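Observations on chain architecture
Residue strings, one per chain:
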Amino acid sequence: MTDVAVVGFAQSPSVRRTQGTTNGVEMLVPIFKEVFEQTGLSKRDIGFWCSGSSDYLAGRAFSFIAAIDAIGAFPPIHESHVEMDAAWALYEAWLKIRMGEVDTALVYGFGKSSAGQLRRVLALQLDPYVVAPLWPDSISLAGLQARLGMEAGLWSEKDLAEVAARSRRDAAGNPFAQVSGDTEVAELLDTPFVADPLRAHDIAPVTDGAAVIVLASAERARDLAERPAVITGIDHRVDSPGLGVRDLTRSPSTASAGRAAGAGTDVEIAELHAPFTHQELIVRDALGLGEQVRINPSGGALTGNPMFSAGLVRIGEAARQILAGNARRTLAHATSGPALQQNLVAVLERG
Amino acid sequence: MTAAETETPETPLSAPLDVGFDYTRSVGPVLGRFVNALRERRVMGVRGDDGRVHVPPVEYDPDTARALTDFTDVADEGTVVSWSWVAEPLEGQPLQRPFAWALIRLDGADTCLLHAVDAGSPSKISTGMRVKARWADATVGHIRDIVCFTGVDAPPDDPAPAPPAPPVAEQAEGEPVRTVITPIHLHYLHSASPEESRYLRGLAEGRLLGQRCPACGKVYVPPRGACPTDGVPTTDEVELPDTGIVTTFCIVNVPFLGQRIKPPYVAAYILLDGADIAFLHLVLGCEASEVRMGMRVRAAWKPREEWSTTLENIAHFEPTGEPDAPYESFAHHL
């Protein structure tokens, strides 16, 4: 089976609110153009298209169909969609290339989180019988997880503030970030609780945004990018949907996805999809990433969390480090569902 | 639709969009036991293959995937394992005053139930605290039969008002609950694209504004953020007349919920003169049986004082009496 490489990546700026529609067209048209310029490909060269988005986020049925306008899908295209972060759309596209069905694929994700009340909309991804009818919001659920770790001595409020401060500092170098700047840990700890035990800096912002990645078979990739980022391993695993069943302070699904993807000690940079500060610590631990690994040089999801593309952005950022010649081996992680329920890990290497 | 905040002629239009649906779900044999027990103010769990008692019960063991059937009652009292504070409750949550979400391990259970605790303030809840279910006055067989939990030692002096019970599916007297109904209501701010907004503002002035795709030259009405053929925004504005032809149509004979016109009537694709994309509208002003493909029509506008940013400003289209357009002239629009 052929290897698969990332050869192009573009993202829209992460912003609190766009004036655009919920079908993402306004965000997608310019970034499609950008990856075509990067790779020299045109829409007719793309063998397979796959997207990630959500009708619940858009408040309308089949919103992903309207997004296809941004492609200009004529003559008809080979297309698919997942109602998940587009990192999982990338997984589907990776399979298509691995199986030899196509040798190029374009993956995109988009979401206008600001159209509704995000933390309430996300309650609808919970068990629909005995949990969702209570409308537990996503921030409160993360708060339960954060407190479990604090009281077990796994992390402190200060540890969490350090994650936030580092992320914001790094985001200052990322033109697409929504939140950035130099902040002191003590200053952050002095702010009030938003959802005790969580403070504002512990919680990813509400973000509208979109992202796109172009994949190619290793053979095609050599013609499309000087330094393609070859995906040497990718896997995704899921933990029990029962929030009261699993140990929320650990992420066995991340650990097993990491093992299957070949996450090792020689990773130089890791882009982790942690919409809450404590979740970064859980994921780092599950992947066994030591002090020598540079975590989220982009600032991560805490500085811009476009729903349904923030996971894809992690893969894009990890690939970009290789495409730009900054690293030889990087890791990307994406999450989906409440309290890190489902996790995807990809390892990328300079081809 | 109205433009939000600082309106300029270029600010896209937006409007509230409220969607709602009562989800009706059959509970099956395992969750069925659980909700029927709730109706009797009892909490029921199921024992997994490792001996752990799961509450709420799970249908299959999380590790072995075996179907579980060893049901057991647990207490409606237990211990807070973790909690987070909600200072401003959201619509639909169990309490409409500040409360805590908690993972509660009920006595006799090994897993935690997620529910609300009416604690009053964050200083009055802690991990390890003992809490007890507060049952609804009328239980129906739904997780919301438990209104919330309260501290065993110091229940609130002024219990929070309980929300109304969820709707109940029809069932014969004495029969077990087989379905649960969960009303879901969501609120959005729906935005039109910049191109659609120009079109809608034009309608408010009685004008029909289309735009031409810079790549294929087709005139779209409404204009679009991306031409579906070329993937680029439509650009050059084209003002269109309110006359055109019927490309294709159907005669509506079937009554349906929300119908505003008495059947039979005609819903047709109207292709305005100079446009390349037809839109759906009504054709009235003649017998339904007289409507033909290629028939020339003109817009019948509502009185000007009723106009707003909507295509409903045109009440319907009606025949002009001109000769029909030849089929070849519109065949490629079908």
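This text follows the structure it describes.
A brief structural summary. Values in this document were obtained by computation on a predicted structure and should not be read as measured data. (Residues numbered from 1 in each chain as written. Chains lettered and ligands numbered in written order. Predicted model: local features only at pLDDT ≥ 70, side-chain atom pairs only at ≥ 80, totals over all residues.)

Examining the overall build of chain A
Defined as follows: Secondary structure follows DSSP: runs of H or I at least 4 residues long count as helices, runs of E at least 2 residues long count as strands, and numbering of each begins at the N terminus. In this description the radius of gyration comes from C-alpha coordinates, and the expected globular size is given by 2.2 Å times residues to the power 0.38. Labels follow a simple rule on C-beta atoms placed from the backbone: if 20 or more others lie within 10 Å of a residue's own, it is buried; if 12 or fewer, it is exposed; otherwise it is partly exposed. Residues are treated as contacting if the C-beta atoms built from their backbones sit within 7 Å of each other.
A count of helices and strands for chain A gives 12 helices and 12 strands. Over its C-alpha trace chain A gives a radius of gyration of 19 Å, about what one expects of a compact globule, namely 20 Å for 351 residues. The dimensions of chain A, computed from C-alpha atoms along their principal axes, are 55 × 45 × 40 Å. The buried share of chain A, reckoned over its 351 residues, is 64%. In chain A, of all internal contacts separated by at least 6 residues, the share reaching a separation of at least 24 is 80%.

Quick notes on the interface of chain A and chain B
Under the convention used in this document: Residues are grouped as follows: Ala, Val, Leu, Ile, Met, Phe, Trp, Tyr, Cys and Pro are nonpolar; Asp, Glu, Lys and Arg are charged; all remaining types, including Gly, are polar.
Every contact between the two is made by 46 residues of chain A and, on the other side, 54 residues of chain B. At the level of elements, α1 (25–39), α5 (118–121), α6 (138–151) and β5 (193–195) of chain A are the ones that each hand at least two residues to the side of chain A that touches chain B. Among the elements that make up the side of chain A that touches chain B, the one with the highest residue count is α6(A) (6 residues). Of the residues that constitute the side of chain A that touches chain B, the class distribution is 26 nonpolar, 12 polar and 8 charged.

Quick word on the pairing of strand β7 (residues 208–217) of chain A
All names here are of chain A. Applicable threshold: Strand pairing is assigned whenever DSSP identifies at least 2 bridges connecting the two strands.
Taking burial as the measure, the 10 residues of β7 include 10 buried ones, the bulk of the element. Bridging between strand β1 (residues 4–11) and β7 involves 7 bridges; their strand directions are antiparallel. For Ala 5, the partnering residue across the bridge sits in β7 and is Ala 216. Pairing of strand β4 (residues 104–112) with β7 involves 9 bridges; the strand directions are antiparallel. Directly across from Lys 112, in β7, lies its bridge partner Asp 208.

Regarding the environment of Thr248(B)
Residues and elements named next belong to chain B. Residue placement: Thr 248 occurs in strand β15 (residues 243–252). What makes Thr 248 partly exposed here is the crowd of 13 C-beta atoms within 10 Å. On a C-alpha basis, the gap between Thr 248 and Glu 287 in space is 16 Å, while along the polypeptide they are 39 residues apart.

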